[in-house]
Structure formats: structure tokens, C-alpha cells
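What follows is each chain in one-letter form.
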Amino acid sequence: MRILLVEDDPTLRAQLRAGLQEAGYAVDEADNGRDAHFLGDTGSFDAVVLDLGLPVLDGLSVLKRWRSAGRVVPVLILTARDNWSEKVAGIDAGADDYLTKPFHMEELLARLRALIRRAGGLASPLLQCGDLALDTRSGRVTLQGQTVALTSHEYKVLAYLMHRPGAVVSRTELTEHIYAQDFERDSNTIEVFVGRLRKKLPPALIETVRGLGYRLVPLP
Ligand code: CA
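Everything numeric in this text was worked out from a predicted model, so none of it was measured.

(A) A look at the overall build of the chain. Tallying secondary structure elements over the chain gives eight helices and eleven strands in all. Here the C-alpha radius of gyration of the chain, 18 Å, is about what a compact globule of 220 residues would show, namely 17 Å. Projected onto its principal axes, the C-alpha coordinates of the chain cover approximately 50 × 30 × 30 Å. For the chain, with 220 residues in total, the buried portion stands at 45%. Across the chain, every contact between residues at least 6 apart in sequence was considered, and the portion connecting residues at least 24 apart equals 55%. Carbon and sulfur atoms provide 50% of the accessible area of the chain, an area that totals close to 10900 Å². When the 27 positive and 29 negative side-chain charges of the chain are each reduced to one mean point, those points stand 5 Å apart.

This is how it looks when you write it as C-alpha cells:
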């Protein structure tokens, strides 16, 4: 899962980036509204954390532009304390949720998990595909109740597929959603991760749809 982090305060941005990366997200970042708008317009993100008070172009304007262009990415806005009208304006401009500064990283992560699973049409934080379960809160994957040990990249690939039950996901899409923009991307590595997942999980679970990508198949 890939997050666009927009915050002009360098200290807070660094803290948020570290917390998001530790939670397993690929993170792209912007420190002003113009760059944020461009990145959100051109990149593939699973959610955006958007500060409203930004230089060059304010966060509310960025959000309005994305929404009027039809961009549906979940957006969580960061608002100043005691500014209720900013929250109202943000939600009316198309924000999906808000957090008031200061906040705890755990709360930000919980809200992001909720936004991302809702965007996939999923209500529960425990994702299931037959006997396979992935707990988005703990990052634990189990097969018939037994823990499956995965590397962080294997987990990212599996988590992305499990957020899109029944959908065929291309290698390009997987690559875009598990790596940040400045990362050395190579869609061949996706095949490697899928190959490793097939060794750790029932091999038929991840179906290859020739020429299109991969799909999770619930096993009987
Ligand atoms: Ca700010």
C-alpha cells in the first residue's frame, strides 16, 4: 500500500514518514500544495494524508481540484486544533476523515487502515480468503490458524491482493502500490515475490491470469 504524505513541517513529516514506513507503507511526500497536487494527479496511491495549511497552494484547494477531476483516492486531512470550521470545509471538499493536531501515530494508522479497507469494499480489519487470514492491525498472516512467516515485500504483495478480492491485479499495479516513486522499480521482482508466496501458501491460491496479472482464488 502506498501513501502520499503532504505536510510542510519537516519535523512532523519525518515522524509521519518513519511511522508509515514502519507500518509497511511505501511513502511519497510533498511539502507544498503544488507538488502534492501534481503527485496526487499522476501517481497511484491507496490513501493521502493531507495537511491543510500548506505553502504555495493550500490543502483545501488541492483536495477540491482532485475531487473535481474525479480522483477518488481516500484522503485524511490534518487540521489545526480548535478549528472546527476547517474540518467542516475539509469534509465538504471531499475529505474522508480528519485528524486534529497533535495526534498519536497509532490513531493515524488505524484511520488509514479503515480508509484503505473501505475503499476496497471491506468492513473488517481481518481480511480472509478461504483458510487464509491477514490481520491488517498486527500484520499477522495465518493459514488454517497457523502463522505464516512472510518477508515485508511478500506481505505487501499479499496484502494488496487481499484488499482486492476477486480482482485481477497486474504486475504494474502491484509495482506501483508497493514501491514509492523514488524506489528502483522492477516489475520482475513482483514475480519473485509471488513465487515465494506460492511456496509458503497453497500454490493454487494466487492464480496467474495470463497477460493480465494475478488473482486470489479462495480454496475450498
Ligand atoms: Ca502546515
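(B) Structural view of the nonpolar core. If you look at the biggest cluster of nonpolar residues, it comprises 46 residues, and the most contacted ones within it are Leu20, Tyr25, Leu108, Val157 and Leu158. The residue makeup of this core includes at least three contributed by each of domain 1 (2-119) and domain 2 (126-216). What Leu20 contacts, discounting residues up to four positions off in sequence, is Ile3, Leu5, Tyr25, Val27, Met105, Leu108, Leu109 and Leu112. Counting residues in each nonpolar core, the second largest holds 20 residues, with Ala30, Leu52, Leu60 and Val75 among its members.

(C) Quick peek at the packing of aromatic side chains. Using the criterion set out here, one finds zero aromatic pairs in the structure. In this structure, Arg2 is placed above the aromatic ring of Phe45, and the distance from its NZ or CZ to the ring centre is 4.3 Å.

(D) Region of interest: the coordination of the calcium ion. The coordination sphere of the calcium ion, as far as protein atoms go, consists of Asp8 (OD), Asp51 (OD) and Gly53 (O), spread over 2.2 to 2.4 Å. Sequence positions of the donors to the calcium ion reduce to the motif D-x42-D-x1-G. Residue Asp8 is located in the loop between strand 1 (2-6) and helix 1 (10-22), and its partner Gly53 is located in the loop between strand 3 (47-51) and helix 3 (59-68); the two are separated by 45 residues in the primary sequence. For Asp8, a relative accessible area of 31% translates into the label partly exposed. Overall, the relative accessible area of 45% leaves Gly53 in the partly exposed class.

(E) Fine view of unusual backbone geometry. The peptide bond linking Lys101 to Pro102 adopts the cis configuration, its omega dihedral lying at -5°. The backbone of Val56 shows a phi angle near 75°, a positive value even though the residue is not glycine. With respect to the element layout, Val56 can be found in the loop between strand 3 and helix 3. For Val56, a relative accessible area of 59% gives the class exposed. In this structure, Gln144 takes a positive phi of about 50° despite not being glycine. Among the secondary structure elements, Gln144 is positioned in the loop between strand 8 (140-143) and strand 9 (146-147). With a relative accessible area of 61%, Gln144 lands in the exposed category.

(F) The side chain of Glu7, seen in detail. Tracing the backbone through its elements, the reader meets Glu7 in the loop between strand 1 and helix 1. In terms of polar contacts, Glu7 uses its side chain to reach the backbone amide nitrogen of Asp9, at 2.9 Å. In contact with Glu7, not counting residues within four places along its chain, are Leu12, Arg13, Ala30, Asp31, Asp51, Leu54, Leu78 and Lys101.

(G) Seen up close, the pattern of salt bridges. Per the stated rule, a full pass over the model turns up 15 salt bridges. A salt bridge links Lys101 to Glu7, with the shortest nitrogen-to-oxygen separation between them at 3.0 Å. In this pair, Lys101 sits in the loop between strand 5 (97-100) and helix 5 (105-119) while Glu7 sits in the loop between strand 1 and helix 1, placing the two residues 94 residues apart along the sequence. For Lys101, a relative accessible area of 23% corresponds to the partly exposed category. Taking the shortest distance from any N to any O, the salt bridge between Arg111 and Glu107 comes out at 2.9 Å. With Arg111 and Glu107 both in helix 5 and four residues apart, this pair spans about one turn of that helix.

What counts, and at which threshold
Residues numbered from 1 in each chain as written. Predicted model: local features only at pLDDT ≥ 70, side-chain atom pairs only at ≥ 80, totals over all residues. Heavy atoms only, no water. Helix = DSSP H or I, 4+ residues; strand = E, 2+ residues; numbered from the N terminus. Rg over C-alpha atoms; globule rule 2.2 N^0.38 Å. Buried < 20%, exposed > 50% of the residue type's maximum accessible area, 1.4 Å probe, protein only. Contact = heavy atoms within 4.5 Å. Areas by Shrake-Rupley, 256 points an atom, 1.4 Å probe, with all protein chains shown as cover. Lys, Arg positive; Asp, Glu negative; His and termini not counted. Charge placed at Lys NZ, Arg CZ, Asp CG, Glu CD. Core = buried A, V, L, I, M, F, W, Y, C linked by side-chain atoms within 4.5 Å. Domains from an automatic or database assignment. Phe/Tyr/Trp six-rings, centres within 6.5 Å; stacked < 30°, edge-to-face > 60°. Lys NZ or Arg CZ within 6 Å of the ring centre and 35° of its normal. Donors = N, O, S within 2.8 Å, 3.2 Å for Na, K, Ca; no water. Polar contact = N/O pair within 3.5 Å; in protein donor to acceptor, adjacent residues only side chain to side chain. Salt bridge = Lys/Arg side-chain N within 4 Å of Asp/Glu carboxyl O.

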